[in-house]
Amino acid sequence: MLGVVMQLGVLVLFAVAAVLIFLVGDRLRPKSWEHGDDAGAGHMMLDLVNMFFAAIVAFVVVILWQQYDTSHEHTVSEGKALVSVYETANDMPEQDRKQIQGLVKDYTKQVVGDEWRVMDKQRRLSPAAQATLDDLREAVAAAPAGDANAKATQDKAQDGVDAIVEARYDRGLDAAYRLPGFLYVALWFATGMLLFGTVFSGVVVTKRSVIMTGLFGLVIGAVMVAVHQLDQPFSGGNHVSRDAYELALSRFEHITSSGPAASANPR
């Protein structure tokens, strides 16, 4: 609470400083700089408000787009790790191969199905998918490693599972991510200043000005909708795609049909 009060105090301090500079400067500046009315001040304030809004929007969009891109990279990393574990299981005994490949496929289907809906509606991961991943980890750890080749295969599969776990953890953080509240406050404050700027600008109400103001509002609304959509990388109408997992499922079918000598995981 004390921090909020201090921040509000800083805002008030800057407002008072701006007024004092304006009043003192009015006494010191040359008379030739003065305007006969408030038109100059109005245009200056509108320009400042436009710059402030543009700066806030640009800052927010950059942050959200980086988060969106990072979220997509995490799904790609997880998809590659799933293919790696599925392919590595081809070099294991048949019983272990079937169990591990079956768990990898089940987990991937759960991610693109139930878990994607849970991330969309609840912004969290599915416990059922986590349970399947835990079973996969146990199955890989329990795979026999009687000789050096078997041990190398098990270690490679374990590395792949570790990569899945890490990417899933990152995806869980991505699903719960929201833009910091203070940036939303700044964005809405700038939006309010823009909307009320039409009142303080002194523009006469005509048919043309009403239409232009309506279009102006549409642009601002489109910006706010875009920000809201980007703020939820795994929900809404602009969510991260499931392409990495769908591609992994198609690779599973190819690896299975090709048999134990399937080609290497695509890079």
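Look up a bit, the structure's there.
Here the structure is a predicted model, which means the values were calculated and not measured.

Caption draft 1: Geometry of the overall build of the protein. From N to C terminus, the protein includes eight helices and zero strands. Burial status across the protein gives 33% buried among its 267 residues. Residue pairs in contact within the protein that sit at least 24 positions apart in sequence constitute 78% of those at least 6 positions apart. For the protein, the accessible surface area stands at approximately 16,300 Å², while carbon and sulfur atoms represent 65% of it.

Caption draft 2: Inspection of the side chain of Asp96 at higher detail. If you trace the backbone, Asp96 turns up in helix H3 (residues 94–122). It turns out Asp96 is buried and unbridged, and the closest side chain with the opposite charge, Arg97, is 9.5 Å from it. For Asp96, the contacting residues outside a window of four places in its chain are Ala143 and Pro144.

Caption draft 3: Geometry of the packing of aromatic side chains. The full count for this structure, using the stated rule, is four aromatic pairs. Both rings, one in Trp116 and one in Tyr245, keep their centres 5.7 Å apart while their planes meet at 70 degrees; by these two values the pair is edge-to-face. Of this pair, Trp116 sits in helix H3 while Tyr245 sits in helix H8 (residues 243–258), and the two are 129 residues apart along the sequence. Side by side, Trp116 and Tyr245 carry an identical accessibility label, which is buried.

Caption draft 4: Summary view of the packing of helix H4 (residues 127–142) against helix H5 (residues 148–176). Axis separation between H4 and H5 bottoms out at 9 Å; the angle between their running directions is 160 degrees. As judged from the angle between their axes, H4 and H5 are roughly antiparallel. The handedness of the crossing between H4 and H5 comes out as left-handed. Of the residues in H5, those touching H4 at Ala129, Gln130, Leu133, Leu136, Arg137, Val140, Ala141 and Ala142 are Gln154, Ala157, Gln158, Val161, Ile164, Val165 and Arg168. Residue classes in the contact of H4 with H5 are distributed as ten nonpolar, three polar and two charged.

Caption draft 5: Representation of helix H7 (residues 207–230). Taking 1.5 Å per residue as the helical rise, H7 with its 24 residues ought to reach 34 Å, and the 35 Å between its terminal C-alpha atoms agrees with that figure. Among the residues of H7, those classed as buried are Ser209, Ile220, Met224, Val227 and Leu230.

Caption draft 6: Molecular detail of the pattern of salt bridges. Within the structure shown, the criterion is met by seven salt bridges. Put simply, Glu115 and Arg168 hold a salt bridge, and the shortest N to O gap is 2.8 Å. With Glu115 in helix H3 and Arg168 in helix H5, this residue pair connects regions lying 53 residues apart in the sequence. For the pair Glu115 and Arg168, a shared accessibility class is recorded, and that class is buried. With a closest N to O distance of 3.4 Å, Lys151 and Asp155 form a salt bridge. Of this pair, Lys151 and Asp155 both sit in helix H5, four residues apart, which is roughly one turn of that helix. Taking relative accessible area as the criterion, Asp155 reaches 33% and is therefore assigned partly exposed. What you see here is one network of salt bridges that share partners, running through Glu78, Glu115, Arg168 and Arg171.

Caption draft 7: Representation of the nonpolar core within the structure. Counting 50 residues, the largest nonpolar core has Ile100, Val104, Leu136, Ile164 and Phe252 as its most contacted members. Contributions of two or more residues to this core are made by helix H2 (39–88), H3, H4, H5, helix H6 (181–200), H7 and H8. With twelve residues, H2 is the largest single contributor of residues to this core. Not counting the four nearest positions on each side in its chain, Leu136 is found in contact with Ile100, Leu103, Val104, Val161 and Ile164.

Caption draft 8: Spatial organisation of H8. Given a rise of 1.5 Å per residue, 16 residues ought to cover 22 Å, and the 22 Å separating the end C-alpha atoms of H8 matches this to within 8%. Within H8, burial applies to Ala244, Tyr245, Ala248, Leu249, Arg251, Phe252 and Ile255. Looking down the long axis of H8, one finds its buried residues gathered within 165 degrees of arc, a one-sided arrangement. Seen from the open side of H8, the exposed residues pointing more than 90 degrees away from its buried face are Leu247 and Ser257.

Caption draft 9: Geometry of the environment of Asn149. Mapping Asn149 onto the fold places it in helix H5. For Asn149, a relative accessible area of 61% gives the class exposed. When the C-alpha atoms of Asn149 and Met92 are compared, they prove to be 9.8 Å apart, with 57 residues separating the residues in sequence.

The rules we used
Residues numbered from 1 in each chain as written. Predicted model: local features only at pLDDT ≥ 70, side-chain atom pairs only at ≥ 80, totals over all residues. Heavy atoms only, no water. Helix = DSSP H or I, 4+ residues; strand = E, 2+ residues; numbered from the N terminus. Buried < 20%, exposed > 50% of the residue type's maximum accessible area, 1.4 Å probe, protein only. Contact = heavy atoms within 4.5 Å. Areas by Shrake-Rupley, 256 points an atom, 1.4 Å probe, with all protein chains shown as cover. Lys, Arg positive; Asp, Glu negative; His and termini not counted. Salt bridge = Lys/Arg side-chain N within 4 Å of Asp/Glu carboxyl O. Phe/Tyr/Trp six-rings, centres within 6.5 Å; stacked < 30°, edge-to-face > 60°. Axes fitted to C-alpha atoms, helices over the stretch in contact; angles between N-to-C directions. Parallel < 35°, antiparallel > 145°, perpendicular 65-115°, else oblique. Left-handed = near helix turned anticlockwise from the far one by under 90°. Nonpolar A, V, L, I, M, F, W, Y, C, P; charged D, E, K, R; others polar. Expected span 1.5 Å × (residues − 1). Core = buried A, V, L, I, M, F, W, Y, C linked by side-chain atoms within 4.5 Å. Arc of directions from axis to C-beta.

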